[in-house]
Amino acid sequence: MTHTLSYFRYRLKSSLRGLIFLSVIAMVFCFVVSYNEQAPFVIKDYNNFGVAVSEKTYYDPTLGPSVALMCILCYIAPVWQFAFFKKRRNLDCVYSLPITRTALAAVHYGVGLISVLAPFTLCYLQNIFMLRVLRHATVDYSLFLPHYLFCVLFGIIMYNLLSFAFNEGNTVGDGIAFMFFHTFVPSMFCLLSNEIESDGLSIPWFYLGDLTSEYSRWIHRFTADSADYFATDLTRNWLFFWIAAGIVSGVLLFVFYRIRKTEDTGEISNSFFGYRVLIPYFAIIFILLAEELVLGMILIMLAIGCYAAYRRGFRFKISDWVIIGLMHVAVILSAS
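Report follows, based on the coordinates. (Residues numbered from 1 in each chain as written. Predicted model: local features only at pLDDT ≥ 70, side-chain atom pairs only at ≥ 80, totals over all residues. Heavy atoms only, no water.)

The secondary structure content of the protein amounts to 12 helices and 2 strands. Helices (α) and strands (β) of the protein occur, in sequence order from the N terminus, as α-β-β-α-α-α-α-α-α-α-α-α-α-α. The burial tally for the protein puts 44% of its 336 residues in the buried class. At a minimum sequence separation of 6, the contacts of the protein that also span at least 24 residues come to 74%. When the accessible surface of the protein is summed, it comes to about 17800 Å², and 68% of that surface belongs to carbon and sulfur atoms. (Helix = DSSP H or I, 4+ residues; strand = E, 2+ residues; numbered from the N terminus. Buried < 20%, exposed > 50% of the residue type's maximum accessible area, 1.4 Å probe, protein only. Contact = heavy atoms within 4.5 Å. Areas by Shrake-Rupley, 256 points an atom, 1.4 Å probe, with all protein chains shown as cover.)

Quick look at the structure:
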């Protein structure tokens, strides 16, 4: 435990300069955007004769900039903290330390999570301070805390998902590609299935953005009860799904990191959660959605190109040819 804490302090200290720089840039960006968006808007109440009898001045609580920043950081932090393990030379050095692999992963995970939540928290508090200074009396400040806590929850969920996806790549480039594709895995399945409704909530940052928009209205009491948002099966079910996905991703991140072979670093990313499944998954779904023969054949050619990039040549395995054959079957079925 002593060695782990020492390494954590070292890793945090080595990342501190970048974290401070990132936080300052984030706060400046959020300040400029929030200052420009916190413009007053007037809502008037009219009587039966169409005459305005009262009016109230409202201000945009500008929750969006800090939330958008956190979502972006969820993509940046995994690369920043785990790209270190994509070079064998670094592994030879760090694996010689008297620290278990699980502890190493936990340290980098923890510093990365701090890199996500610290700038977000500073920007969020800055936004509240700006609203207080401008004395926006219409703002219900009691709702900021539950919204902040919900953002932290979804920040952890997204960070877990993207950290797991990035670590499934044996190179930095593959890890970044996996983060992008894993973001849209649930939404692509929902597009194909007419039985599962999502309304965009199948994308994690879209869910958070949708809730943030609702909170902006609740803060001004434009809606009666904030609990109504979670009363629908759609929002509640997707919330449970993302919480479960975040927990599973976090567990798999540490399990797979502990058993990953050092000699695979820098080699072809052969993870089950990588190109082996992602290429046929997206290709077949796009083909079935296209419902056109020509477009389907173009998608097959793109998939073959992806396989060539994945295999680093045209030496395909039998399983690859089987998948390509299934793509042709999907084209025929979708076009018929």
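Still more ground to cover, so stick around.
Counting across every chain of the model gives 30 aromatic pairs. Measuring from centroid to centroid gives 5.2 Å for Phe-85 and Tyr-257, while their planes differ by 75°, and the two rings are edge-to-face. In this pair, Phe-85 is assigned in the loop between helix H2 (64-82) and helix H3 (88-94) and Tyr-257 in helix H9 (residues 233-259), connecting sequence segments 172 residues apart. Ring geometry for Phe-184 versus Trp-205: centroids 6.3 Å apart, planes at 85°, classification edge-to-face. One end of the pair, Phe-184, is in the loop between helix H6 (172-183) and helix H7 (185-192); the other, Trp-205, is in helix H8 (residues 204-219), with 21 residues separating them in the sequence. (Phe/Tyr/Trp six-rings, centres within 6.5 Å; stacked < 30°, edge-to-face > 60°.)

Approximately 500 Å³ is the volume found for the largest pocket. Lining the largest pocket are 24 residues, with Leu-161, His-182, Val-185, Pro-186 and Phe-273 sitting closest to its centre. Residue assignment for the lining of the largest pocket shows that the elements contributing at least two residues are helix H5 (144-167), H6, H7, H8, H9 and helix H10 (275-290). Here the lining of the largest pocket gets 6 residues from one element, more than from any other, and that element is H9. Its residues assigned to classes, the lining of the largest pocket comprises 20 nonpolar, 4 polar and no charged. (1 Å grid on protein atoms, 1.4 Å probe; cavity = no way out; pocket = protein on both sides within 12 Å on 5 of 7 lines; lining within 4 Å. Points joined across faces, edges and corners; volume = space filled by probe spheres on them. Nonpolar A, V, L, I, M, F, W, Y, C, P; charged D, E, K, R; others polar.)

Let us look at the environment of Thr-183. Checked against the element boundaries, Thr-183 lands in helix H6. Sequence separation between Thr-183 and Trp-205 is 22 residues, and the spatial gap between their C-alpha atoms is 9.0 Å. From its side chain, Thr-183 meets the backbone oxygen of Met-179 in a polar contact 2.8 Å long. (Polar contact = N/O pair within 3.5 Å; in protein donor to acceptor, adjacent residues only side chain to side chain.)

Position of Trp-80 relative to the elements: it lies in helix H2. Trp-80 sits 31 residues away from Val-111 along the chain, and the two C-alpha atoms are 9.8 Å apart. The residues touching Trp-80, leaving out its near neighbours within four places in the chain, are Arg-11, Ser-15, Gly-18, Leu-19, Leu-22 and Ser-115.

This paragraph deals with empty space enclosed by the protein. Following the criterion strictly, the structure yields 1 cavity of 30 Å³ or more and no others. Looking at the largest cavity, its volume works out to about 130 Å³. Tallied by class, residues from the lining of the largest cavity come to 4 nonpolar, 5 polar and 5 charged.

In the structure shown here, the tally under the stated rule is 3 salt bridges. Between Glu-168 and Arg-260 there is a salt bridge; the shortest N-O distance is 3.1 Å. In this pair, Glu-168 sits in the loop between H5 and H6 while Arg-260 sits in the loop between H9 and H10, placing the two residues 92 residues apart along the sequence. Overall, Glu-168 belongs to the buried group, its relative accessible area being 6%. (Salt bridge = Lys/Arg side-chain N within 4 Å of Asp/Glu carboxyl O.)

On the surface, Leu-16, Ile-20, Val-24, Val-28, Phe-31, Val-32 and Tyr-35 cluster together into a nonpolar patch covering about 650 Å² of accessible area. With respect to the helices and strands, Leu-16 occurs in helix H1 (residues 2-37). (Patch = residues over 30% accessible without salt bridge, like charges linked within 9 Å, V, L, I, M, F, W, Y side chains within 5 Å.)

Time to look at H6. The terminal C-alpha atoms of H6, which comprises 12 residues, lie 17 Å apart, in line with the 16 Å expected from a rise of 1.5 Å per residue. Asp-174, Gly-175, Ala-177, Phe-178, Met-179 and Thr-183 are the residues of H6 that are buried. On the buried face of H6, the contacting elements are H2, H5, H7, H8 and H10. (Expected span 1.5 Å × (residues − 1).)

To continue, consider the packing of H1 against helix H4 (residues 101-133). Axis angle and axis distance: for two packed helices, these are the angle between their axes and the distance between the axes, and together they describe the pair. It is at 8 Å that the axes of H1 and H4 come closest, and there the two elements cross at 25°. Between H1 and H4, the crossing angle belongs to the class labelled roughly parallel. Like other packed secondary-structure pairs, H1 and H4 cross with a definite hand, here right-handed. Considering only residue class, the contact of H1 with H4 consists of 19 nonpolar, 8 polar and 1 charged. (Axes fitted to C-alpha atoms, helices over the stretch in contact; angles between N-to-C directions. Parallel < 35°, antiparallel > 145°, perpendicular 65-115°, else oblique. Left-handed = near helix turned anticlockwise from the far one by under 90°.)

In contact at an axis separation of 9 Å, H2 and H4 are set at 155° when each is read in the N-to-C sense. Compared by their axis directions, H2 and H4 come out roughly antiparallel. Note that H2 runs across H4; the crossing there is right-handed. Taken together, the residues of H4 that come into contact with H2 (itself represented by Ser-66, Val-67, Leu-69, Met-70, Leu-73, Cys-74, Ala-77, Trp-80, Gln-81 and Phe-82) are Ala-105, His-108, Tyr-109, Val-111, Gly-112, Ser-115, Val-116, Leu-117, Pro-119, Phe-120, Cys-123 and Tyr-124. Grouping the amino acids of the contact of H2 with H4 by side-chain chemistry returns 17 nonpolar, 5 polar and no charged.

Remember that the coordinates give geometry; whether it matters functionally is a separate question.
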